[in-house]
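These are the residues of each chain, in order.
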Amino acid sequence: MAHLNDDLLVITDLDGTLLDPNTHEWTPAQAWLERLIEHDVPVILSSSKTAAEIIALQAALGLEGQPFIAENGAIVQLDATWQDNPDFPRLLNGMPHDEILEIINRLRHEQGYKLFCFSDVDEKTIAEWTGLSPKLAAMATLLEASETVIWRDSDENLARFSASLEALGLMLIEGGRFWHVLDVRGGKGQAANWLKEQYRKREGKLRTTLGLGDGPDDASLLDNVDFAVVVKGLSRQGVMLKNDDPQRVYRTHASGPAGFSEGLDHFLGKV
C-alpha cells in the first residue's frame, strides 16, 4: 500500500477518469485533488488531449506548472522549474503530426478505408463529436505529434490499417471514444517512465507511482506504475494489463471522477 507521506507521483488519465466522459466535470474528485496538492504530491495529467487543452485544464484544476503527458505520450511537458533540462519545455516523441497525417491520408487513398480525422473537419464538428466548448474544441485541433481518428470501417480493415501503420513506425491505439495514431516511440507508459527517471535524476531517489485510467490507451501507463487504478469505463474491450496482481491493481465500481476518488480511497485511505 502507498501513503500520502511517501514520495508519491500520481499520474492520471483525464476523459473517463478524472473528468466525467460526458460533462467533463471533476467535482467528485475535487477533495482528493486538494488533498494531493496540500501534501505536495505531483499530479501528472496523462491524456490523448493536446498540450494546449491540458494547460487550460491545469489552470482550472490548480495544477499549473506541473509536468504532463499529452497526445497519449507523444508529447511530454516538463515541470516549469526544470529549465536546466535539455528537453525543456517539452519532449516530442517521434514523428510530427503533419508526417503522420500524410501517412494516414495515403493509406486511406490507397485502400479506401472509411475513417475521419480531426484534421478533416472544423472546430464546430469537433465540438459536436466531443461535447467540448468551441474554445476547447479549437485547442483539440492543435495536434503536434499524433492524429485522432474516428473509424467507420470493418474490424478486419482496422487490423489491416493497424498493421500498415506499424510497418511504417506508427501505432494505432484505442481511447475512450476515438482511435489515435502516433509514433511507436510514444505511448503513456514510455512517457511515464521517462518522467519518473527525470524525478530520480533530480531527487536521487525513485518515487512511488500511482496511475489511474479507464481505457485501452491507459494500459501501458498502468503496467508501468507501482499501483494501478482501473476506473470503470465505456470501452467494450476493457483494460487488459500484463500484471493484474490484486495487490497492485484495483478496479473501481464507480466511473469517471467518482471512480478516481474511489481508487485513491483504496490505496491512500479515505479523505
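Source: prediction; values computed, not measured. (Residues numbered from 1 in each chain as written. Predicted model: local features only at pLDDT ≥ 70, side-chain atom pairs only at ≥ 80, totals over all residues. Heavy atoms only, no water.)

(A) Focus on the overall build of the protein chain. Of the regular secondary structure elements, the protein chain holds 9 helices and 12 strands. Relative to the compact-globule value of 18 Å for 271 residues, the protein chain shows a C-alpha radius of gyration of 18 Å, a close match. In terms of overall dimensions, the protein chain has a C-alpha envelope of 55 × 45 × 35 Å along the principal axes. The proportion of buried residues among the 271 residues of the protein chain is 54%. Partitioning the intrachain contacts of the protein chain with sequence separation of at least 6 by distance along the chain shows that 60% fall at a separation of at least 24. When the accessible area of the protein chain is evaluated, it comes to approximately 12100 Å², of which 49% is carbon and sulfur surface. Between the averaged position of the 25 positive side-chain charges in the protein chain and that of its 42 negative side-chain charges there is a distance of 2 Å. (Helix = DSSP H or I, 4+ residues; strand = E, 2+ residues; numbered from the N terminus. Rg over C-alpha atoms; globule rule 2.2 N^0.38 Å. Buried < 20%, exposed > 50% of the residue type's maximum accessible area, 1.4 Å probe, protein only. Contact = heavy atoms within 4.5 Å. Areas by Shrake-Rupley, 256 points an atom, 1.4 Å probe, with all protein chains shown as cover. Lys, Arg positive; Asp, Glu negative; His and termini not counted. Charge placed at Lys NZ, Arg CZ, Asp CG, Glu CD.)

(B) Expanded view of the packing of aromatic side chains. Applying the stated criterion across every chain, the model contains 8 aromatic pairs. Ring plane angle 50° and centroid distance 5.6 Å describe the contact between Tyr113 and Trp151, whose orientation is recorded as tilted. Taken together, the residues Tyr113 in the loop between helix H3 (97-111) and strand S6 (115-117) and Trp151 in strand S7 (residues 146-151) connect sequence positions 38 residues apart. The pair Tyr113 / Trp151 is uniform in exposure class, with both members buried. (Phe/Tyr/Trp six-rings, centres within 6.5 Å; stacked < 30°, edge-to-face > 60°.)

(C) Inspection of the sheet that holds strand S4 (residues 75-77) at higher detail. Strands sit in the order S5-S4-S3-S2-S1-S10-S11-S12 across an open sheet of 8 strands; the sheet is mixed. The strands lining the two open edges of the sheet, one partner per strand, are strand S5 (90-92) and strand S12 (249-255). Averaged over all pairs of adjacent strands, the angle between strand axes in this sheet comes to 15°, irrespective of strand direction. Where strand S1 (residues 8-13) lies against strand S10 (residues 208-213), 5 bridges are found, and the strand directions are parallel. Note that in S10 the partner of Leu9 across the bridge is Thr209. Each of S1, S10, strand S11 (227-232) and S12 is contacted by helix H9 (residues 256-268), which is oriented at about 145° to S12, the strand it contacts most. (Pairing = 2+ DSSP bridges. Axes fitted to C-alpha atoms, helices over the stretch in contact; angles between N-to-C directions.)

(D) Seen up close, the pairing of S11. In terms of burial, S11 is largely enclosed, as 5 of its 6 residues are buried. Two elements, S10 and S11, share 4 bridges in a ladder whose sense is parallel. Across the sheet, Leu210 pairs through a bridge with Phe227, a residue of S11. Looking at chain direction, S11 and S12 are connected through 4 bridges and run parallel. Looking at S12, one finds that Lys232 is bridged to Ser255.

(E) Expanded view of the domain arrangement of the protein chain. What the domain assignment reports for the protein chain is domain 1 (8-92 + 187-268) and domain 2 (97-183). A separation of 23 Å is found between the C-alpha centroids of domain 1 and domain 2. The interface of domain 1 with domain 2 comprises 22 residues on the first partner and 19 residues on the second. At the boundary of domain 1 with domain 2, total buried surface from both sides reaches about 1700 Å², with 54% on carbon and sulfur atoms. Put simply, domain 1 and domain 2 have 1 salt bridge between them. (Domains from an automatic or database assignment. Buried area = accessible area lost by both parts, 1.4 Å probe. Salt bridge = Lys/Arg side-chain N within 4 Å of Asp/Glu carboxyl O.)

(F) Broad picture of the nonpolar core. Counting 38 residues, the largest nonpolar core has Leu36, Leu45 and Leu268 as its most contacted members. Shared between two domains, this core takes at least three residues from each, and those domains are domain 1 (8-92 + 187-268) and domain 2 (97-183). (Core = buried A, V, L, I, M, F, W, Y, C linked by side-chain atoms within 4.5 Å.)

(G) Geometry of the side chain of Glu71. Its location among the elements puts Glu71 in the loop between strand S3 (68-70) and S4. Despite its burial, Glu71 pairs with no opposite charge; the closest candidate is Arg90, at 7.0 Å N-O. A polar contact of 2.8 Å, which involves the side chain of Glu71, links it to the backbone nitrogen of Ala145. At 2.8 Å, the side chain of Glu71 and the side chain of Ser146 are in polar contact. (Polar contact = N/O pair within 3.5 Å; in protein donor to acceptor, adjacent residues only side chain to side chain.)

(H) Main features of helix H7 (residues 188-203). A rise of 1.5 Å per residue sets the reference length of H7, with its 16 residues, at 22 Å; its end C-alpha atoms lie 22 Å apart and thus fit the reference within 8%. Summarising the contacts, the buried residues of H7 are in contact with S1, strand S2 (43-46), S3, S4, S10 and helix H8 (219-222). (Expected span 1.5 Å × (residues − 1).)

(I) Spatial organisation of the environment of Asp122. Mapped onto the fold, Asp122 is located in the loop between S6 and helix H4 (123-130). Under the relative-accessibility criterion, Asp122 is labelled partly exposed at 44%. Sequence-wise, Asp122 and Ala138 are 16 residues apart; in three dimensions their C-alpha atoms are separated by 8.5 Å.

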